[in-house]
Every structure is written in C-alpha cells, then in structure tokens.
Amino acid sequence: MTNRRTEIVWPELKWEDWAATADTLHMWTQIVGKTRLALSPMQAHWWNVPLYVSARGLNTSAMPYGENFLEVEFDFIRHELVFRTSKGENAAMPLRAMSVAAFFTEYKKMLAELGVQVTLHEMPCEQAHPIPFSEDEVHASYDAEAVSRFWRVLMSVDEVFQRFSAKFLGKVSPVHFFWGSFDLAVTRFSGRPAPVRPEFDWIMREAYSREVISTGFWPGNGGLGRAAFYCYAAPAPKGFAAAKVEPAQAVYDEKLGEFLLLYEDVREAEAPDEMLMEFLQSTYVGGAELGAWDRKLLERQA
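I will try to describe carefully the structure that is included in this document.

Conventions and cut-offs
Residues numbered from 1 in each chain as written. Predicted model: local features only at pLDDT ≥ 70, side-chain atom pairs only at ≥ 80, totals over all residues. Heavy atoms only, no water. Pairing = 2+ DSSP bridges. Helix = DSSP H or I, 4+ residues; strand = E, 2+ residues; numbered from the N terminus. Axes fitted to C-alpha atoms, helices over the stretch in contact; angles between N-to-C directions. Buried < 20%, exposed > 50% of the residue type's maximum accessible area, 1.4 Å probe, protein only. Contact = heavy atoms within 4.5 Å. Polar contact = N/O pair within 3.5 Å; in protein donor to acceptor, adjacent residues only side chain to side chain. Expected span 1.5 Å × (residues − 1). Salt bridge = Lys/Arg side-chain N within 4 Å of Asp/Glu carboxyl O. Parallel < 35°, antiparallel > 145°, perpendicular 65-115°, else oblique. Nonpolar A, V, L, I, M, F, W, Y, C, P; charged D, E, K, R; others polar.

## Some details on the sheet that holds strand E12 (residues 258-262)
Strands sit in the order E7-E8-E9-E10-E12-E11 across an open sheet of 6 strands; the sheet is antiparallel. For this open sheet the edge positions go to strand E7 (176-178) and strand E11 (251-253), each flanked by a neighbour on one side alone. Averaged over all pairs of adjacent strands, the angle between their axes in this sheet comes to 30 degrees, without regard to strand direction. Across 3 bridges, E11 lies against E12 in antiparallel orientation. Looking at E12, one finds that Tyr252 is bridged to Phe259.

Below, the structure is given as structure tokens:
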C-alpha cells in the first residue's frame, strides 16, 4: 500500500504501459548521446558519453565545439528537445509521436541551423535487431505522461545513488544515464586493475579495465520486462551469488549474473528510499568483502 508521497516521488512504472514509448525514447537518447560521443574527448570507462538527470529531464552537459560549448537537453516538463550554446543561442524541437527517422532528420536540421557539423554513426548500440536511425519508421511513439513518470523515477533514484556515492572515498563514477543500455548507474572501484578478458571487445575492455561493483536502474528494457534495480561485481569474486543481501525481496539472477530488486517492491515499501539504500549497501558489502577490497581505506568512516 503506497502513501501519497510515494505515489508522487516513486510513481507506478509498468513496462507494458509504455514499452513502445520507451523504445522510441531509447533511440532518441542514442542520437543525442552519439553527439556527445563525437564531440567530447575520450575519458576513462567511457565517462565522456552518458547523459545526466537534470532539473528538467536528461542532458548532455556542456560539450566543446570549436571555441564554444553546446548543450542538448530532453526537457520532460515542456516536452521539448532544447539546444543551447555558449554564444547565447537557443533552439527547441517538440517531443511528440514521431518516428526515429523523422526525429533524426529534424535533429540534424537543428544542429545545422546552429552551425554545428558532426558526423553521427547511424547504427544503434546494444540492440538485438538495430535499424539505422535514418531508416527507423518502427519506433514512433511518445506518451508524454509516461515519460514524465519515468523522469520522476530517475530523479528519485539519482538522489539515493548520490547519497550512496557520498559514503565512498575511493574512485567512484558520477551518477549517469547510459543511452546504450538505457539505464541509470553508479560504479565504485577497488583501485586495482581487473584481469584482461579476451572475450571482450575493445569497448568492453575499456569499460571494465578496473575492478568494479556497479549498481543501477533499468526501467524494464533488455528483456526483463519489469523495472528493477541491479548490482554486479566485475570480476565477480567467488561466492558473490550467495552473498547475504537485503532486503528479502532481492534475488540473484544466474542468467544475468546480477542481484535484482524489483522497482515495484521498492515503491510498495513503507520507506522506499531506505529499502533501496539497504540494497545498494548490502550488495556492495558482499562484493567488497568477498573481493578483499580495502574497505577501511575506501569508505567514509563517519
């Protein structure tokens, strides 16, 4: 039974109610994200490519372009894609039901009007059956109310992830939204290099070049079909799957190699924020203890 605060701050987010919109929005975020990939200098673990939860939606942060900066933001209040430059220029295109191909055409036109020339690789990332952006007439849905709910969830998750990050003194990623996998994530590092994994391509080798424990939130994509929080260790220490994790609703998924906690279980809890924090902390402790991380050095003791 949810209370009024939960209904607002942790709203219902059933994948089947907005899957078509989510799949379309996913492709749109990839187009914008690939702009950041093209314009931003390479950083460790691909930290130069994600989007960030903002006070209005999702944004790229400032991207260098020549002597100026460009920022692109999904505004989920006005339901616009907003373009801003350091020269004081502003432009916007409405977010509405339109195909990925139409979005891509309009997006490139907006950039051209701002004098921005950038080459974008048209093939979507991390898709089982990718369709080039300019040819994608399949994904063409936009439910503004559902997108607003999704953004409200991202804000709530981001706030808890930030508090979780604040407890760690070692290397930790920003809380960032990866447009390839369409998830919000934060990652802690042990400080040690990870063993080389020959099966990884160069992209994955860069992403997992160090030992990590990563946690995140999926809205239901990737075949899971339900919004869920996850945690994995890479490399996973021996016994990680059997680690004691809280709350009781959390389970280890053998196929994914990750702990999962359903979003619906969190929002139905008496204190959703505390339940989520319990999951984040217990999965981290399980991985860190089994992986012999130097917790005294890495964690804030106060």
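Don't stop here, the text continues.
## Comments concerning the environment of Tyr65
With respect to the helices and strands, Tyr65 occurs in strand E3 (residues 63-65). Using a relative accessible area of 26% as the deciding quantity, one classes Tyr65 as partly exposed. Expressed as a C-alpha distance, the spacing of Tyr65 and Gly223, which sit 158 residues apart in the sequence, is 37 Å. Beyond its immediate chain neighbours, meaning those up to four positions away, Tyr65 contacts Leu39, Gly115, Val116 and Gln117. Polar contacts involving the side chain of Tyr65 include one to the main-chain amide nitrogen of Gln117, which spans 2.9 Å.

## Here we look at the side chain of Ser54
Looking at the element boundaries, Ser54 is found in the loop between strand E1 (52-53) and strand E2 (57-59). For Ser54, a relative accessible area of 11% puts it in the buried group. Not counting residues within four places of it along the chain, the set of residues in contact with Ser54 comprises Asn59, Glu73, Trp151 and Met155.

## Digging into helix H3 (residues 100-113)
With 14 residues, H3 should reach 20 Å at 1.5 Å per residue; the first-to-last C-alpha distance of 20 Å fits that figure. Along H3, the residues classified as buried are Val100, Ala101, Phe103, Phe104, Glu106, Tyr107, Met110 and Leu111. If you follow the buried residues of H3, they end up packed against helix H2 (15-39), strand E4 (68-75), strand E5 (80-85) and strand E6 (90-94). Following H3 by one or two positions, Gly115 adopts a phi angle in the positive range, close to 80 degrees.

## Remarks on the pattern of salt bridges
The tally for this structure, following the rule as stated, stands at 17 salt bridges. Between Lys244 and Glu246 there is a salt bridge whose closest N-O contact spans 3.1 Å. A salt bridge links Arg295 to Glu289; the shortest N-O distance between them is 2.9 Å. By relative accessible area, Arg295 is classed as partly exposed at 22%. One salt-bridge network, in which partners are shared between bridges, spans Glu7, Glu264 and Arg267.

## Some details on the packing of H2 against helix H4 (residues 144-165)
Where H2 contacts H4, the two axes come as close as 10 Å, and the packing angle between them is 70 degrees. Here H2 is positioned roughly perpendicular relative to H4, judged by the angle of their axes. Between H2 and H4, the residues in contact are Trp18, Thr21 and Leu25 and Ala146, Val147 and Phe150, respectively. A per-class count over the contact of H2 with H4 returns 5 nonpolar, 1 polar and no charged.

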